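# Commentary on secondary and tertiary structure
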Amino acid sequence: MLLFSGVFAIRRVPSPYLAILALLLAGSVAGCDREKQAGGQAGQGQANVSAGEAKGVEHFAHRVDRGNKGKAAPTAAFTGPDDAPVTLAAFKGKPLLVNLWATWCAPCVAEMPTLDALAAASGDRLTVLAVAQDLQGAEIVDPWFQKAGLKALQPYLDPENGLLDAYNSALPTSIYYDADGRELWRVVGAIDWQGAEAKALLAEAG
């Protein structure tokens with residue numbers, strides 16, 4: 001393309017660096033990596049984040065991944081609110097949304113109120129699990145829940161990060177299963193679970 005200014009002709013040439021930058025930005029997601037361990041000991045990660053501190057549009061960046069559609073849920077065990085071990089197989093029979101999060105992950109905390117509202121409104125139609133990946137487990141997650149004032153979600157714990165390893169993903173990640181325990185899609189990054197995009201995704205299981 002030629003741009004004319006007076007008697008000079010200036011050719012605008014697409015820069016390969018700009019193209020690469022655009023691709024990187026298009027694929028980027030505001031997410032969190034695994035909690036760091038200090039001195040090889042678990043439970044020495046970052047401080048937790050309150051819902052108030054995590055507010056902001058910048059935290060609601062995500063991508064929808066359908067590359068694992070049809071895949072069965074992992075068999076890794078985690079801990080339920082009753083402190084008993086449980087696996088995702090126990091929730092077959094109706095659609096299931098599994099959310100991996102942590103108290104120190106700002107995007108995770110930002111979407112938590114909308115996830116809680118979804119759980120409250122879903123009733124018996126959908127099971128919503130929020131499985132914390134905090135290395136300190138109940139020691140840090142239970143006080144966070146009490147302070148957050150969530151009405152429907154319960155504190156499931158995965159301090160060994162078994163599910164996070166199985167999904168090989170970042171935080172937050174939410175995985176949607178049909179009633180037979182087969183994955184339909186996953187959302188990597190935070191999403192407003194009360195928004196139109198989330199409602200359309202959730203409608204896919206019927």
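This is a predicted model, so every value here is computed, not measured.

## Points about helix H2 (residues 106-122)
Turn by turn, an α-helix covers 3.6 residues, leaving residues three or four places apart pointing in a common direction. Along its 17 residues, H2 runs 25 Å from first to last C-alpha, staying within 8% of the 24 Å computed at 1.5 Å per residue. In H2, a bend of some 40° at Met112 exceeds every other bend along the element, and Pro113, a proline, comes one to four places later. The element H2 is extensively covered by neighbouring structure, given that 13 of its 17 residues are classed as buried. Gly123 sits one or two residues past H2 and shows a positive phi near 55°.

## Here's the deal with the pattern of salt bridges
Opposite charge on two side chains permits pairing when their charged atoms draw close. Going through the model one piece at a time under the given rule, you end up with three salt bridges. Of the charged contacts, one joins Asp65 and Arg63 as a salt bridge, the two residues approaching to 4.0 Å between their closest N and O atoms. On the basis of relative accessibility, which here comes to 18%, the residue Asp65 falls in the buried class.

## What to know about the packing of aromatic side chains
This structure, assessed with the given rule, holds seven aromatic pairs. Arranged with centres 4.9 Å apart and planes meeting at 50°, the rings of Trp101 and Trp144 form a pair that is tilted. Of this pair, Trp101 sits in strand S6 (residues 96-101) while Trp144 is found in helix H3 (residues 138-148), placing the two residues 43 residues apart along the sequence. Grouping residues by exposure puts Trp101 and Trp144 together as buried. Taking the centre distance of 6.4 Å and the plane angle of 20° together, the rings of Trp185 and Trp193 count as stacked.

## Structural notes on the environment of Leu115
With respect to the element layout, Leu115 can be found in helix H2. Judged by its relative accessible area of 0%, Leu115 falls in the buried class.

Analysis parameters
- Each chain has its residues counted from 1, running along the sequence as written.
- In view of the model being predicted, local features appear only for residues whose pLDDT reaches at least 70, and side-chain atom pairs are presented and counted only at 80 or more, with totals across whole chains, interfaces and linings using the full set of residues.
- Heavy atoms from the whole structure form the basis of all side-chain values; hydrogens and water molecules are not counted.
- Runs of E in the DSSP output that reach at least two residues are strands. Runs of H or I that reach at least four are helices, and both are numbered from the N terminus.
- To estimate how far a helix should extend, the number of its residues minus one is multiplied by 1.5 Å.
- To get the bend at any residue, fit one axis to the seven residues that end at it and another to the seven that begin at it, then take the angle between the two axes.
- Three exposure classes are used, based on accessible area relative to the maximum for each residue type with a 1.4 Å probe and protein chains only: buried under 20%, partly exposed in between, and exposed over 50%.
- In the sections that follow, a salt bridge refers to a side-chain nitrogen of Lys or Arg positioned within 4 Å of a carboxyl oxygen of Asp or Glu.
- Put simply, two rings from Phe, Tyr or Trp (the six-membered ring, in Trp's case) pair if the centres are within 6.5 Å, and we call them stacked under 30 degrees between planes, edge-to-face over 60, tilted for the rest.

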